[in-house]
Structure formats: C-alpha cells, structure tokens
Amino acid sequence: MPPPSTTQGHVAALFNGPRRLSAAQGVPLRAGGEEPLANALNLEENLQILEQRTGLVPLSALTPSSQGANYERYQLVVRAVRLRLSHLGYAVGDPTSDKMNAELLKGLNVFRREIGLEASGATIEQATWDALQEFVTLEDPLQIDKWYPVGGTARPVLVRAVQLRLTTLGLRPNVPVDPSDTNNLRIQLARFRAVAAELGLIPSSNISERQAMELVLSHDALVDKVAKAAPPVRQALEGLALSEQNLSAARRFLLRLARNELWLNGYPLGDIREPITQQKMLKALDLYWRNNPKRPLTVAAMESATHQVTPELFEDFARQQREEDVSRDDILGFVRANEAELQDYWTSEVDNSDFFLWDGIKRTFKWLKRQVVRLGQSLSTIFEAVGDFVRTLARNVFRSLFRVANEVLGAVSRAATAFVDGIGIFLGGELLPPAPRLNMGCRLNMDCDTVLLIDQEAPLEEARSLLRRLERVTAALGLAGAVLSLVIRLVASAATGVIGWLTLIASLVHSAPEIIAKVSALAALG
C-alpha cells in the first residue's frame with residue numbers, strides 16, 4: 001500500500017480530535033449472508049444497531065436505564081437539554097454536564113409546567129424536546145398564538161425566549177435570562193421597536209408588545225426585511241466593519257443579525273450571545289463568499305465583502321432562503337466518494353458542544369445546493385483550495401443526513417409493524433369476520449392460495465367487510481414488503497464498520513421519497 005499523500009495527511013490533521021464516541025469506532029452488522037430470508041430475519045436487529053450507533057434512536061426509547069450505545073445517546077440528549085434550559089434561564093447546575101441529576105430534573109420540570117406538560121421523570125419526551133427546539137434555535141416558525149394568545153399575556157417561557165433572542169441581537173446584555181425581570185424587558189423591547197422603526201422594518205415604533213415579540217423571534221422575516229435594503233438600512237450598513245465598538249444600536253443589530261445567519265449556515269462562530277469576535281466573523285465571511293458559486297467576486301470586491309457587512313450579504317441570505325434543496329443524489333455521491341475522511345469527522349465532531357446537528361437544518365439543504373460543484377469533488381481536493389471550508393461542508397452534510405434519516409427510520413419502523421401484522425395473519429392461516437360464523441371465512445394457505453367461503457345466507461355487509469379486510473391485508477403486505485425489501489438490499493450491500501453505516505445512512509436518505517410515499521399509502525389503508 002502506498003504511503004498517504006501530503007494532502008491526505010493535511011485532511012487527517014484537520015479532522016483530528018478527541019474520540020469520545022466509542023460506538024463510532026466500529027459498527028458490526030449481524031451477518032445474514034446472501035440469502036434474502038436470512039437478511040430479513042436479521043433486519044430488525046440491524047436496524048436497531050443502525051439507530052443506536054448513529055445517534056438516531058427515537059427520544060421515547062432513551063431512558064436513564066438505557067444500555068450501551070443507547071445510554072451514550074441519552075447522555076448526549078441530556079447535555080443538549082441542559083444547555084438549552086440553561087440558555088433559557090432555568091437553574092440546572094453545570095450546563096455542560098451530561099448527568100440527569102436532581103438539579104436538572106427540577107429545572108426540567110419547571111420548563112414542562114411552563115409549556116403545559118405534567119412534571120415527570122428523567123425520560124426526555126418528544127414534546128419537551130420539540131418545545132426546547134422551538135424556543136432556543138433560530139429556526140422559524142414559533143407558535144405565537146400558543147405562547148401569547150390574542151388578548152392574553154405572554155407565557156413565562158416565551159418571555160425567556162424573547163430575552164435570549166434580544167441578547168443574540170445585541171439589544172440586551174448577556175446576563176442570565178430572568179422571566180420576572182419585566183421592567184428591563186419592556187425597556188429592551190422598546191429599544192427593539194425603535195431600531196426596527198429607524199431601519200424601516202416596521203412603519204412605526206407603536207406596535208404592540210405581542211407584535212414586537214413575534215418579530216423578535218422571526219429570524220427569517222427580519223433577514224428578509226433587511227434584504228429589501230430600504231434607504232435607512234443602506235445608510236446603516238454603509239462601511240459597517242466587523243467590530244461592535246462604538247456602534248449605534250441599529251448598526252450593532254444588523255451586525256448581530258448577519259452573524260446569526262452565518263451561524264445557521266454552519267460556520268463556526270462560537271456563542272452567539274457574546275459580542276462579535278472580529279476574527280471569527282472575518283473568517284466566516286471569507287469562507288462564505290470564497291465558496292459562494294452564486295456570486296463570484298473580484299479580488300477587490302472580496303476584500304470589501306469579507307471585511308464588512310453589506311446590503312449584498314443580506315440580499316444573498318434572502319436569495320438562498322428561496323432556493324431549492326440539495327439533491328439526494330449529490331449527497332449520496334459525496335458520501336460514497338469521501339467515506340474515510342467523513343469517518344474521521346464522525347468520530348471527532350459528531351457530539352460537538354453546540355449540538356449543531358439540531359440547528360440550522362432548513363439552511364443546510366439550501367446551502368448544500370449551492371455547493372453542488374464542491375460535492376462533486378473529493379475532500380482532499382477541496383482542502384487544497386480552501387482547507388478550513390472542509391469542516392463546514394462536512395458538518396452540513398451530516399446535518400442533512402441526520403434530519404432525513406430520522407424521518408426515514410420512522411417510516412421503516414411503521415412498515416415493519418405492518419409487515420409483521422400482515423405476516424401474523426398469513427401464518428395464522430385464516431381471516432375471519434368480526435363475529436365468528438360457519439357460513440363465512442377465508443383460508444390462507446402456505447402456497448399462497450386463498451380459499452374464500454361466503455355462502456348465500458351470509459350477511460351481505462359482513463361479507464363486504466371481510467373482503468375489505470382481505471384487500472387491506474394483501475395491500476399492506478405488498479407495500480410493507482416493498483419497503484422492507486428495499487431496506488434489506490441496502491443493509492445487505494453495506495460494509496461493516498462506520499464507513500458502511502455512513503453510506504447506508506446516505507442511501508436511506510436517497511431512498512427517502514420512495515420509502516415515505518409507500519408508507520403513506522400504507523397508512524391510508526387504515
């Protein structure tokens with residue numbers, strides 16, 4: 001075997017990091033050989049391995065008593081929950097801990113009560129996780145009617161979220177969120193109204209508290225309004241350098257809004273509650289424009305675009321929001337061509353402290369669409385051109401894979417259930433009407449022949465019901481069998497170890513439309 005090239009060594013060095021996920025060191029499939037039936041028998045176990053080893057276990061399956069890889073995943077979720085609760089001002093102890101202790105449980109139960117759930121135990125429910133995502137990430141939409149009913153008052157959890165968002169926009173100091181601090185919140189919301197009116201984002205500052213809170217939490221709408229570049233916006237952006245020193249509230253707001261959008265695009269910018277770090281912002285803008293095929297820039301234009309926030313930057317942000325998502329073919333091809341390098345990324349970055357796998361998902365698919373040319377290249381080639389860009393590209397590939405793979409695995413699980421139910425009836429050998437009758441029945445033979453008995457004295461409606469049941473069972477077996485045969489082929493063709501599973505995830509993502517369409521048709525049968 002030839003020695004690794006210098007470029008390969010650079011790429012490996014770029015991805016080097018702590019190997020904290022022991023589960024990511026190797027993922028053995030349960031071998032079934034080439035016999036389809038053996039693969040079918042092992043499918044359920046192999047799917048469980050896939051879920052566990054790739055961090056795709058449904059939240060409902062994660063409990064403090066989880067074992068092995070499931071417990072590692074539970075710890076990651078606990079850490080993410082603790083961080084998010086901490087951001088919202090709940091008392092949870094050490095925000096970086098992955099332990100479910102009494103302190104975290106107390107803060108978690110306060111959050112549950114504020115979102116209308118019952119206080120419960122240490123298992124993280126899907127509803128709890130979804131609400132945390134809604135309040136902490138910058139992704140739209142937020143259900144304003146639920147958290148601030150028309151004619152009512154803002155619920156404490158919404159007050160927390162607004163304070164957090166005002167902090168990221170530079171209109172509130174980075175101090176702990178406090179829902180009882182209503183006096184300062186009124187001052188900060190008044191400042192936001194004044195800034196929005198000054199920039200022409202709203203007709204006047206005389207909007208209601210509810211309207212102000214809704215706009216504060218509508219990141220996409222703010223970006224779109226700024227992108228329209230009314231004269232006050234252009235004036236405020238004139239010569240806006242990447243430092244917050246001596247900036248007016250309006251100019252600082254625009255600078256922070258740009259950083260938040262870059263953060264959602266996957267660029268490493270640190271804690272977005274903190275003041276702008278000029279060096280990180282400069283690097284992110286350089287990577288953004290240098291690798292933006294939509295807007296090739298001259299050397300002079302690049303120098304200008306990467307050293308300040310411009311109207312053109314917001315215009316490009318808004319343009320990207322309206323673009324198509326990346327093709328699954330492009331993602332699959334990129335993963336297959338770069339398995340080894342992506343494995344290095346997997347083992348060093350998948351559990352990063354920002355939990356980026358759950359943030360900026362909508363941006364990821366559109367951002368990757370712009371990188372189709374890059375997705376056709378190897379990571380080594382990309383590194384030679386712009387080394388630091390590799391990490392952002394790989395991160396966004398993983399974010400897109402995980403989002404769709406979660407949906408696909410849920411669909412596969414439903415197909416497996418339908419398949420097992422149908423097989424159970426088939427192996428039972430008969431299909432009976434709701435009430436047992438001697439003059440009506442259906443015998444299912446192992447050679448797949450079906451004997452249907454309905455004599456002339458059988459009730460017509462019950463006979464029709466039996467035929468409908470037979471039709472549904474037949475269709476369910478056909479649809480579920482089609483889904484599972486597709487998954488069996490994917491599992492059977494995957495290599496062992498992390499590389500094999502990365503390709504398998506990409507293949508599942510590629511097959512997602514077909515799988516989900518078949519399962520939707522299955523669900524329609526009732």
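Since the structure is predicted, the reported quantities are computational estimates derived from the model, not experimental observations.

### Comments concerning the side chain of Asn 338
Within the element layout of this structure, Asn 338 appears in the loop between α16 (328–337) and α17 (339–349). Owing to a relative accessible area of 0%, Asn 338 belongs among the buried residues under this scheme.

### Some details on helix α7 (residues 156–168)
Here α7 spans 19 Å end to end across 13 residues, near enough to the 18 Å set by a 1.5 Å rise per residue. Most of α7 is tucked away: 12 of the 13 residues are buried. Those residues of α7 that fall on the buried side of the exposure criterion are Val 157, Leu 158, Val 159, Arg 160, Ala 161, Val 162, Gln 163, Leu 164, Arg 165, Leu 166, Thr 167 and Thr 168. Phi for Gly 170, located one or two positions after α7, is positive at around 75°.

### Regarding empty space enclosed by the protein
Within this structure, the stated rule accounts for two cavities of 30 Å³ or more. In this structure, the second largest cavity occupies an estimated 40 Å³ of space. Lining the second largest cavity, in full, are Tyr 267, Tyr 288, Asn 291, Asn 292, Gln 320, Trp 367, Arg 370 and Gln 371. Of the residues assigned to the lining of the second largest cavity, the class counts are three nonpolar, four polar and one charged.

### Section: helix α12 (residues 249–264)
Over its 16 residues, α12 runs 22 Å from end to end, which matches the ideal 22 Å to within 8%, given 1.5 Å per residue. Within α12, 14 of the 16 residues are buried, leaving the element largely enclosed by the surrounding structure. Gly 266 sits one or two positions beyond α12 and adopts a positive phi of about 100°.

### What to know about the side chain of His 219
Counting through the fold element by element, His 219 comes out in helix α10 (residues 219–227). By relative accessible area, His 219 is classed as buried at 2%. The residues touching His 219, leaving out its near neighbours within four places in the chain, are Leu 138, Asp 140, Arg 165, Leu 257, Asn 260, Glu 261, Leu 264 and Arg 363.

Each value, and the rule that gives it
- Residues numbered from 1 in each chain as written.
- Predicted model: local features only at pLDDT ≥ 70, side-chain atom pairs only at ≥ 80, totals over all residues.
- Heavy atoms only, no water.
- Helix = DSSP H or I, 4+ residues; strand = E, 2+ residues; numbered from the N terminus.
- Buried < 20%, exposed > 50% of the residue type's maximum accessible area, 1.4 Å probe, protein only.
- Expected span 1.5 Å × (residues − 1).
- 1 Å grid on protein atoms, 1.4 Å probe; cavity = no way out; pocket = protein on both sides within 12 Å on 5 of 7 lines; lining within 4 Å.
- Points joined across faces, edges and corners; volume = space filled by probe spheres on them.
- Nonpolar A, V, L, I, M, F, W, Y, C, P; charged D, E, K, R; others polar.
- Contact = heavy atoms within 4.5 Å.

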